[in-house]
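Letter by letter, the chains look like this.
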Amino acid sequence: MNTTDEKNVSPEPIRIAIVCLFFNAGETTRAVEIAKALQSCNSHRQPLELQFFSSLYSADSYQNLIVQADFAPHQITYVGKGLSNAQWQEIQAREHAGGEFFLPHEQHDVLQMLLAMKQALGQYQPTCVVHGFTHNLDGPVAASLLDIPHVLYLPVPNSVDFFQEHIVTDVPPAWMPYLSWWCPLQWRRALIHALAFSPHLPSFHSPRTVRAAAVEAGWHGSPRHGMLTDLLASDLVLVNDLPGNFDGIPLPKNHLVTGPIFAQTEMSNHDNKDPMDPRIAELFGSDDDTGDISPHNPRPIKVFIAMGSSGHQDDLVQAIAAVNTPDYHTVALVPPSVGTVEEIRAQVMAASSDQHSISPTLYLTHQFVPSALVNPLADVAILHGGQGTVQTALASGTPIVGVAVTLDQEVNLARVQERGAGIQIPPAQWQAATIQEAVQRVTATDSSYRPGAAAVQREILEAPPGAQVAAQAIWDFARSAQATRATAPPQ
């Protein structure tokens, strides 16, 4: 380090608070990847302190991913109210239907969570707060209440214009069975815009209960009636998607498209300290056993099912039932928030053509699986459309069969289908027979889907890692915030 660098390094450490959902696998994974990149991208060698915070958590959380990434348990702070799996499922059901996350009678609970996060961050006194999307919006609201600079990472831009033009282009998937057969797209779009973006109606985009709790806590916000984008408003917004997906789309000046953020460090690490489950290795074989399926190589089709910690139980059951035969070697994740292995096994037996057996080549597990290691061994991934699962599959060159239950998942899977990297099935058609047909199309000898996925894979792997791009932006932001605070007059 030269003399100039030594003069620029402050003895005060950069202290970063990361607020995320510990019970959401994708959110926790992105938070961990950003934290790891913050450590590795410290070009100024400035002392760095990191602390993870979560107020919405349940007994079945993914905080173990933080510890497995070599962060100490004391770097994890639970704040405020815990949720049961039943409560979490209720919140998700409201989200999937396009409603607000909390109902008016829950305003006091939300207020207590916001105040608890405010107290925790006030005690920690971070240089800046980095947060994803949390249903009670505790990260951005608490940071705003404390006047702490904060950074938001999201799958999509935090812009009402972007949501209206590119996200909310149709009614939620859960509404489609009731509207699609008689209501044309133009009418459905006008309907959902009138409902979703009205300041007078509670909805996903207008979470009035959370806004009321935030105002009661002292939040002032913008004058636009507390739309979701206003409550999430941050000094810097990091969009975790491929830059090419936003070509020609104007974004706010404080937005940076980082590229995908997922656990891609595992992809090149075959000596990972957490070895692959022996049962998965038995079913999927090694990465030398993934030759194209052909008349000369008539091996079973390898299927990886990851419907996410926010998925529906019946969606998972239908996906598993579709491949519950010895023609497939299947690994299916069963998140504890969705159900137990025994529950899913019983329902799969009931939904399968043979109601009395489970294929010996079907493996159900509730343990965390390193998706970035398993995906390259699979012929197809059956997914729920969450950004992390989609990006991990595509970064492995694995084609996708998927169903969306939220609007952002709808966008993710629509892009997969547009790129020829997979098939999106509407929720109303997500049945075992339809899923099996799509799997067969994707894995056919002359299928174009694997080349389509391989093209997206090259785009992902040739770009700078999204976590590193995000980390460098956060470092620059935090150092600037620290310098501003150091020169500010005492209050």
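Below or above, wherever it landed, is the structure these notes cover.

### Comments concerning the pattern of salt bridges
Stage number 1. Enumeration over the complete set of coordinates arrives at 12 salt bridges.
Stage number 2. Here Arg-15 ties to Glu-49 by a salt bridge, and the two come within 2.8 Å at their closest N and O atoms. Remark: Glu-49 occurs in strand β2 (residues 48–54) and Arg-15 occurs in strand β1 (residues 14–19); sequence separation between them is 34 residues.
Stage number 3. A residue is classified by how much of its surface remains accessible, and Glu-49, at 31% relative accessible area, is partly exposed.
Stage number 4. Between Arg-299 and Asp-379 there is a salt bridge whose closest N-O contact spans 2.7 Å. Highlighted residues: Arg-299 in the loop between α12 (278–284) and β8 (301–306) and Asp-379 in the loop between α15 (371–374) and β11 (380–383), separated in sequence by 80 residues.

### Here we look at helix α18 (residues 432–443)
Since there are 3.6 residues in each turn of an α-helix, residues three or four apart along the chain are aligned in direction.
Stage number 1. The end-to-end C-alpha distance of α18, which contains 12 residues, comes to 16 Å, matching closely the 16 Å that a straight helix rising 1.5 Å per residue would cover.
Stage number 2. Of all the positions in α18, only Ala-432, Ile-435, Ala-438, Val-439, Val-442 and Thr-443 are classed as buried. End-on, the buried residues of α18 take up no more than an arc of 125°, which puts them together on one face.

### Regarding the nonpolar core
Stage number 1. Among the nonpolar cores identified, the biggest contains 45 residues, and Phe-102, Leu-137 and Ile-167 are the most heavily contacted of them.
Stage number 2. Beyond its immediate chain neighbours, meaning those up to four positions away, Leu-137 contacts Leu-114, Pro-207, Val-210, Leu-228, Leu-231 and Leu-232.
Stage number 3. If you look at the next biggest cluster of nonpolar residues, it comprises 34 residues, including Ile-301, Ala-321, Tyr-328 and Val-338.

### Examining helix α19 (residues 449–462)
Stage number 1. The terminal C-alpha atoms of α19, which comprises 14 residues, lie 20 Å apart, in line with the 20 Å expected from a rise of 1.5 Å per residue.
Stage number 2. Buried within α19 we find Tyr-449, Gly-452, Ala-453, Val-456 and Ile-460. For α19, the buried positions fall inside an angular range of 95° around the axis, keeping them on one side. Away from its buried face, by an angle of more than 90 degrees, α19 presents the exposed residues Pro-451 and Glu-462.

### Remarks on unusual backbone geometry
Stage number 1. Look at Asp-70: it is not a glycine, yet its phi comes out positive at around 75°.
Stage number 2. Its location among the elements puts Asp-70 in the loop between α3 (64–68) and β3 (76–78).
Stage number 3. Even without glycine at this site, Gln-125 takes up a positive phi of about 55°.
Stage number 4. With respect to the helices, strands and loops of the structure, Gln-125 is situated in the loop between α5 (107–124) and β4 (128–131).
Stage number 5. Looking at Gln-125, the relative accessible area reads 55%, which means it is exposed.

### A word on the sheet that holds β2
Stage number 1. The strand order across the open sheet built from 7 strands is β3-β2-β1-β4-β5-β6-β7, with neighbouring strands paired in parallel fashion. Two strands close off the open sheet at either side, each with one partner strand: β3 and β7 (255–257). Each strand axis lies, on average, 20° off the axis of its neighbour in the sheet, ignoring direction.
Stage number 2. Where helix α2 (residues 25–40) meets the sheet, it contacts β1, β2 and β5 (150–154), and its direction lies at approximately 170° from that of β2.
Stage number 3. Packing of α5 onto the sheet brings it into contact with β1, β2 and β4, and relative to β2 it is tilted by some 170°.

The rules behind these values
- Numbering of residues starts from 1 in each chain and follows the order in which that chain's sequence is written.
- Under the rules for a predicted model, residues below a pLDDT of 70 receive no local features and side-chain atom pairs below 80 are neither given nor counted, while totals for whole chains, interfaces and linings still include all residues.
- Think of the side-chain values as coming from all heavy atoms in the structure, minus any hydrogens and water.
- Salt bridges are counted wherever a side-chain nitrogen of Lys or Arg sits within 4 Å of a carboxyl oxygen of Asp or Glu.
- Labels follow the DSSP assignment, with helices taken as runs of H or I lasting at least four residues and strands as runs of E lasting at least two, numbered in each case from the N terminus.
- Any residue under 20% of the maximum accessible area for its type is buried, any over 50% is exposed, and the rest in between are partly exposed; the area is computed with a 1.4 Å probe on protein chains only.
- What a helix should span is 1.5 Å times the count of its residues minus one.
- Each direction from the helix axis to a C-beta atom contributes to the arc, which is the arc of those directions.
- For the purposes of this section, nonpolar cores are sets of buried Ala, Val, Leu, Ile, Met, Phe, Trp, Tyr and Cys residues that join through side-chain atoms within 4.5 Å.
- Contact definition: two residues touch when any of their heavy atoms are within 4.5 Å.
- By this definition, two strands are paired if DSSP reports at least two bridges between them.
- The axes are straight lines fitted to the C-alpha atoms, using for helices just the contacting stretch, and the angles between their N-to-C directions are given from 0 to 180°.

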